[in-house]
There are 2 protein chains.
Amino acid sequence: MKQVKIFDSTLRDGAQGQGISFSLEDKIKIVKVLDEMNINYIEAGNPGSNPKDMEFFKRLKDIQFKNSKVAAFGSTRRPNINVEDDKNLQDLLASGAEVIVVFGKSWDFQVTDIIKTSLDENINMIKDTIKYLCENGKKVIFDAEHFYDGYKARKNYALETLKAAEEAGADVVVLCDTNGGTLPKEIYDITKAVKEQIAIEIGIHSHDDMGMAVANSIMAVEAGATQVQGTFIGIGERCGNANLSAIIPALKLKLGYEILNNRNLENLTKTARYISEICNVTLVDQKPFVGNSAFAHKGGMHIDAITKAPKSYEHIAPELVGNKRRFLVSEVSGKSTILQEIQKIFPNISKDDTSVKKITDRLKELEYEGYQFEGAEGTIELVIRKIIGKYKPFFQLNHFKIIGEQPYGSEEFSSTAVINITVDGKSEMTAAEGEGPVNALDKAIRKALEVFYPEIKQARLVDYKVRVLDSESATEAKVRVLIESTDGIETWSTVGVSRDVIQASWIALVDSIEYKLIKDIERKVKAYF
Amino acid sequence: MKQVKIFDSTLRDGAQGQGISFSLEDKIKIVKVLDEMNINYIEAGNPGSNPKDMEFFKRLKDIQFKNSKVAAFGSTRRPNINVEDDKNLQDLLASGAEVIVVFGKSWDFQVTDIIKTSLDENINMIKDTIKYLCENGKKVIFDAEHFYDGYKARKNYALETLKAAEEAGADVVVLCDTNGGTLPKEIYDITKAVKEQIAIEIGIHSHDDMGMAVANSIMAVEAGATQVQGTFIGIGERCGNANLSAIIPALKLKLGYEILNNRNLENLTKTARYISEICNVTLVDQKPFVGNSAFAHKGGMHIDAITKAPKSYEHIAPELVGNKRRFLVSEVSGKSTILQEIQKIFPNISKDDTSVKKITDRLKELEYEGYQFEGAEGTIELVIRKIIGKYKPFFQLNHFKIIGEQPYGSEEFSSTAVINITVDGKSEMTAAEGEGPVNALDKAIRKALEVFYPEIKQARLVDYKVRVLDSESATEAKVRVLIESTDGIETWSTVGVSRDVIQASWIALVDSIEYKLIKDIERKVKAYF
């Protein structure tokens, strides 16, 4: 049975990514979902460098882990002091983590020019630190920082640092491509050479500065590495760390490694989206395996072939990783795509049903007006429902007014929206101020609807795009507004077109809200039957 | 001298990406910038499948290319017909493209189960098509679709398709990992094996379904491929095509290939951002080499080390690819570029003039707020004039109000703008209705100003673009509005940024009008002296 251990550093190296900042509660959520996913090691922080991390390790003691081991991260002892006098090491022990990750320098240049000590002292620092932690009952992973750069600069010294770690009692030595500048073939050759010299387990830690971190991780495994470090959705310093949500399925489905279990793999997409939510980053549509477009087909020829045999344009079945196949309804695509869209919602409707032609005509008409349905499955579903007759409006708009104003004597511009709606015979009038007219309108309609549908609160916009169509007509041109919304469980997109940016936004906004309310009803129905 | 040819398919395979749709003008802009970048081949479309593409090829005949060759893409002839009777092939010839890319099946399963013909007939289709195109004076590139899957399924047949192409006269055979499911080591081994069997040039075409397309392209080159196909910013079907903006610097800086020239490489970041703008996609911050965060450092230890020696946490100098180091705070733009802009208007101002620093600081500040000055020469000139003191406002805005309304009992939405301005102590108040708030405001301000400056009538907007910055903040996000105007003599662009689309449009609109009035004065002055 081929085995590889997965090591997640979302909470440590991931936290170095631009715009990332975790609350204590965020961290607990992430730790729990990683444990649920059967991730072998969770690197939870650097207790010596950060008092908040120490606090977090204390909280972790109360959590019962089912699958994962918690690791604390820190440096080798400082030059020319005893391990007992190194506060960082004492903090690592005090964290209570079962596994300690110690990073040390493997590149001679980093020793002499950055930490400014001798090459011999650096070796002693590695040995002393690991020995001390082992004596205190810890399992030690040695992160050989800049290993590949070090190997290329001064091979023997780089190897010496690994051997020092091995002798001192480390369980694993992890070869780090800290700067992300090493090519896959170099990774393979160097890792293979190391494997011949080192008896303990070898790991790989790579960065994505050339867009090759996933491939580099796989290459290291093929050369003999048995631990892969990364972050679940690839966040991290600069271009990010190796993206585990791509590495895991590649190892399991392409190379047959025993990692996670099949049920875990089916939760891959859901978990990646959940972690993105907590990190407050957008999971890029093109993200391998877990992105919204990872199994989205647009070319007509591709769609025809997929209908005949999915493997013709899909390297794996999307269900294996909990993702979905999508056919992007675009100008290029024909009736069969639309039928598929209909059957997703109403499986019993056949291609000869009269509604199919009506829906096709309506979608074409809308496309002619400037709509684009790629990815806008929310709007497509509503068009289909309206024609099939499985739709009733959730509210009636009586009136809205938007006032944008730069008042006399002021240079500030402000926007206010006033709205009046009716639900089940009851009217609600309200107003909201916002950043611009669309934001004001968005706030006002939600405020009015929450009175009747409190579940609206769960939904929020995550993306808003404006595209001027036929921009040569300048401000008279039509605009297409695409809105992406989420309720934390599902993400959906809706689209609106008008000569007026406010009206186009309004159309997309209403579809987004109605789609959410329909899905809530569906979930309730499912729960009962 | 190690050489690799770069082949860009942004306009063909890239157009298959979700949300991508190019106007004719967009395509022309992309072709020009790729030619400028010294890209060897530009695949411009599929003339047989799409009348719009054929139209575009006609337009391309008028363009003088400095560096690139234009390629047209199409299929091998259909089964069981003559090449002369195949409309697609006639369209390929009619396109006038110097290079023809023919794709054909290399995976036996695709032949028998998808296009449903015999394995022999497929070989004939490849041979006949390539021979016919060669006889008509074309350089032919054969895209062996699904080659790696085909090789793994039935090696001899896959090789036979390549040999058929070679015999028939193809210049290059391109091995395609169409489904993106092949691992880097497989790519390397298979490409190397093919290299031993095929005498003509070999290319690589990979997809990013496992996040390995960049690495796979590099592996193929290391195994002997001399053409790399991809899209400049990685757009394409599903997870996208191989991202050339990562492959180009890796080949040049890490492997020493002769591609582009150094000046081109310094334009890499600028070009990637420009193409993203045209595609209306957000260039992800983490994008290798060209992303906003590609050289952004957050960790304190990293920043300390970088200050001592950049190579400690940067695998290349960011300037080599025209990107910038950031310590996750400020923006820096080139002083010499700004000096050039200043000297265009005020040739006597030298680089030591105090205004140069002031202007640089102001432009940086605006960039930080989300402005982008590429092409917005109108706004740049006004910023410069305001700081140098060669500016006085043409009017004073006292007040404006915009009312967007869907009245009770109506489904029509209407927009009205009310404006009050003062020129030389005289006030003018007026109102206008328009297609949306921005159009209403545009009409109202022109109506008011025409009273004082009748020459305003000559000017009109020819382009209006809205770009949502940081679209994750949805309707609260900042928007950048770019306006292009003309008076029939000159064309100029201006830009405005705000959280409010109306205010952003207003800023750009005022700059546009003031620029026009300044140019009119200059022309009058020139006519007298």
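Residues numbered from 1 in each chain as written. Chains lettered and ligands numbered in written order. Predicted model: local features only at pLDDT ≥ 70, side-chain atom pairs only at ≥ 80, totals over all residues.

Caption draft 1: Up close: the overall build of chain A. Across its full length, chain A holds 18 helices and 16 strands. By principal-axis analysis of the C-alpha atoms, chain A measures approximately 80 × 65 × 55 Å. Taking all 529 residues of chain A together, 55% fall into the buried category. (Helix = DSSP H or I, 4+ residues; strand = E, 2+ residues; numbered from the N terminus. Buried ≥ 20, exposed ≤ 12 C-beta atoms within 10 Å, placed from the backbone.)

Caption draft 2: How the structure looks around the sheet that holds strand β3 (residues 69-75) of chain A. All names here are of chain A. Spatial ordering of the closed barrel is given by β1-β2-β3-β4-β5-β6-β7-β8, a layout of eight strands whose pairing is parallel. Across the sheet, the mean angle from the axis of one strand to that of its neighbour is 25°, orientation sign disregarded. Two elements, strand β4 (residues 99-105) and strand β5 (residues 139-145), share seven bridges in a ladder whose sense is parallel. Counted as the bridge partner of I100 is V140 from β5. (Pairing = 2+ DSSP bridges. Axes fitted to C-alpha atoms, helices over the stretch in contact; angles between N-to-C directions.)

Caption draft 3: Here's a closer look at the UniProt feature "domain: Pyruvate carboxyltransferase" (unreviewed entry) in chain A. According to UniProt, the feature "domain: Pyruvate carboxyltransferase" (unreviewed entry) maps to residues 4-269 of chain A in the numbering used here. Regarding residues 4-269 of chain A, the helix share stands at 44% and the strand share at 17%, and the terminal C-alpha atoms are separated by 21 Å. (UniProt positions renumbered as here; feature names shortened; annotations may be inferred.)

Caption draft 4: View of the domain arrangement of chain A. Segmenting chain A into domains produces domain 1 (5-260), domain 2 (296-388) and domain 3 (396-528). The C-alpha centroid of domain 2 of chain A is placed 45 Å from the C-alpha centroid of domain 1 of chain A. (Domains from an automatic or database assignment.)

Caption draft 5: Just the confidence of the model for chain A, in detail. Here chain A shows a mean pLDDT of 91. Residues at 70 or above account for 97%. Interface scoring of the predicted complex returns ipTM 0.77; its pTM is 0.75. (pLDDT = per-residue confidence, 0-100.)

Caption draft 6: Geometry of the sheet that holds strand β4 (residues 99-105) of chain B. All names here are of chain B. Spatially, eight strands are ordered β1-β2-β3-β4-β5-β6-β7-β8 in a closed barrel, and the strand pairing comes out parallel. For this sheet, the mean angle separating the axes of adjacent strands, direction not counted, is 25°. Relative to strand β3 (residues 69-75), strand β2 (residues 41-45) runs parallel, the two sharing four bridges. Opposite E43, over in β3, you have A71 as the bridge partner. Relative to β4, helix α5 (residues 119-135) is tilted by about 175°, and along the sheet it contacts β4 and β5 (139-145). (Contact = placed C-beta atoms within 7 Å.)

Caption draft 7: Layout of the environment of K324 of chain B. Examined against the element boundaries, K324 of chain B turns out to sit in the loop between α13 (300-308) and α14 (335-345). Linking K324 of chain B and V228 of chain B, residues 96 residues apart in sequence, is a C-alpha distance of 27 Å.

Caption draft 8: A look at the interface of chain B and chain A. Contacts between the two partners involve 90 residues from chain B and, on the opposite side, 94 residues from chain A. With nine residues, strand β9 (residues 396-406) of chain B is the single largest residue contributor to the side of chain B that touches chain A. Taken together, the residues of the side of chain B that touches chain A sort by class into 39 nonpolar, 29 polar and 22 charged. Bridge analysis of strand β11 (residues 396-406) of chain A against β9 of chain B gives seven bridges, and the strand direction is antiparallel. Residue pairing in the sheet places K401 of chain A in a bridge with E405 of chain B of β9 of chain B. (Nonpolar A, V, L, I, M, F, W, Y, C, P; charged D, E, K, R; others polar.)

Caption draft 9: Inspection of the packing of helix α8 (residues 184-195) of chain A against helix α9 (residues 213-222) of chain A at higher detail. All names here are of chain A. Taken N-terminus to C-terminus, the directions of α8 and α9 make an angle of 25°; their axes are 8 Å apart at the nearest point. One element, α8, and the other, α9, form an angle in the roughly parallel class. Between α8 and α9 the crossing geometry is right-handed. Facing α8, whose interface residues are P184, I187, Y188 and T191, α9 presents A215, N216, M219, A220 and E222. In the contact of α8 with α9, the residues fall into six nonpolar, two polar and one charged. (Parallel < 35°, antiparallel > 145°, perpendicular 65-115°, else oblique. Left-handed = near helix turned anticlockwise from the far one by under 90°.)

Caption draft 10: The arrangement of helix α3 (residues 87-94) of chain B in detail. Residue and element names in this part refer to chain B. Taken together, the buried positions of α3 are L89, D91 and L92. In an axial view of α3, the angular spread of the buried residues amounts to 160°, which keeps them on one side of the axis. Buried residues belonging to α3 abut α2 (51-60), β3, β4 and α5. (Arc of directions from axis to C-beta.)

Caption draft 11: Layout of the nonpolar core. In this structure, A71 and F142 of chain A together with A71 and F142 of chain B are the most contacted members of the largest nonpolar core, which totals 206 residues. In this structure A71 of chain B touches Y41, I42, E43, A44, A97, V99, I100, V101 and I141 of chain B, once residues within four positions along its chain are discounted. (Core = buried A, V, L, I, M, F, W, Y, C linked by C-beta atoms within 7 Å.)

Caption draft 12: Focus on unusual backbone geometry. Phi is positive for D424 of chain A, which is not a glycine, with a value near 45°. Assignment of secondary structure puts D424 of chain A in the loop between β12 (414-423) and β13 (426-434). Note on D424 of chain A: 8 C-beta atoms within 10 Å, which makes it exposed. In this model, K116 of chain B sits at a positive phi of 50°, which is unusual for a non-glycine residue. Following the sequence through the fold, K116 of chain B ends up in the loop between α4 (108-114) and α5.

Caption draft 13: The arrangement of the pairing of β5 of chain B in detail. Residue and element names in this part refer to chain B. The buried fraction of β5 is high, at six of seven residues. As paired elements, β5 and strand β6 (residues 172-177) share four bridges and run parallel to each other. Within β6, the position partnered with I141 by the bridge is V172.

Caption draft 14: Region of interest: the environment of I316 of chain A. Its location among the elements puts I316 of chain A in the loop between α13 (300-308) and β10 (326-327). In the structure, I316 of chain A is positioned 74 residues away from A242 of chain A in sequence and 21 Å away in space, judged by C-alpha atoms. Look past the residues within four positions of I316 of chain A in its chain and what remains in contact with it is L253 of chain A together with G181 of chain B.

Caption draft 15: Structural view of the pairing of strand β1 (residues 5-8) of chain A. All names here are of chain A. Sheet topology places β1 next to strand β8 (residues 227-230); four bridges connect them, and they run parallel. Bridge pairing links K5 to Q227 in β8. One crossover worth recording links β1 to the parallel strand β2 (residues 41-45) by way of helix α1 (residues 24-36), and it is right-handed. (Right-handed = clockwise from strand over helix to strand, strands pointing away.)

Caption draft 16: Examining helix α16 (residues 377-388) of chain A more closely. All names here are of chain A. Here α16 is 12 residues long and its end C-alpha atoms lie 16 Å apart, about the 16 Å a rise of 1.5 Å per residue gives. What α16 keeps buried is the set E377, G378, T379, I380, E381, V383 and I384. Looking one or two places after α16, you find G389, whose phi comes out positive at around 95°. (Expected span 1.5 Å × (residues − 1).)

Caption draft 17: Representation of the environment of L366 of chain B within the structure. Tracing the chain through its elements places L366 of chain B in helix α15 (residues 354-369). Here the alpha-carbon distance between L366 of chain B and G234 of chain B, two residues 132 residues apart in the chain, equals 29 Å.

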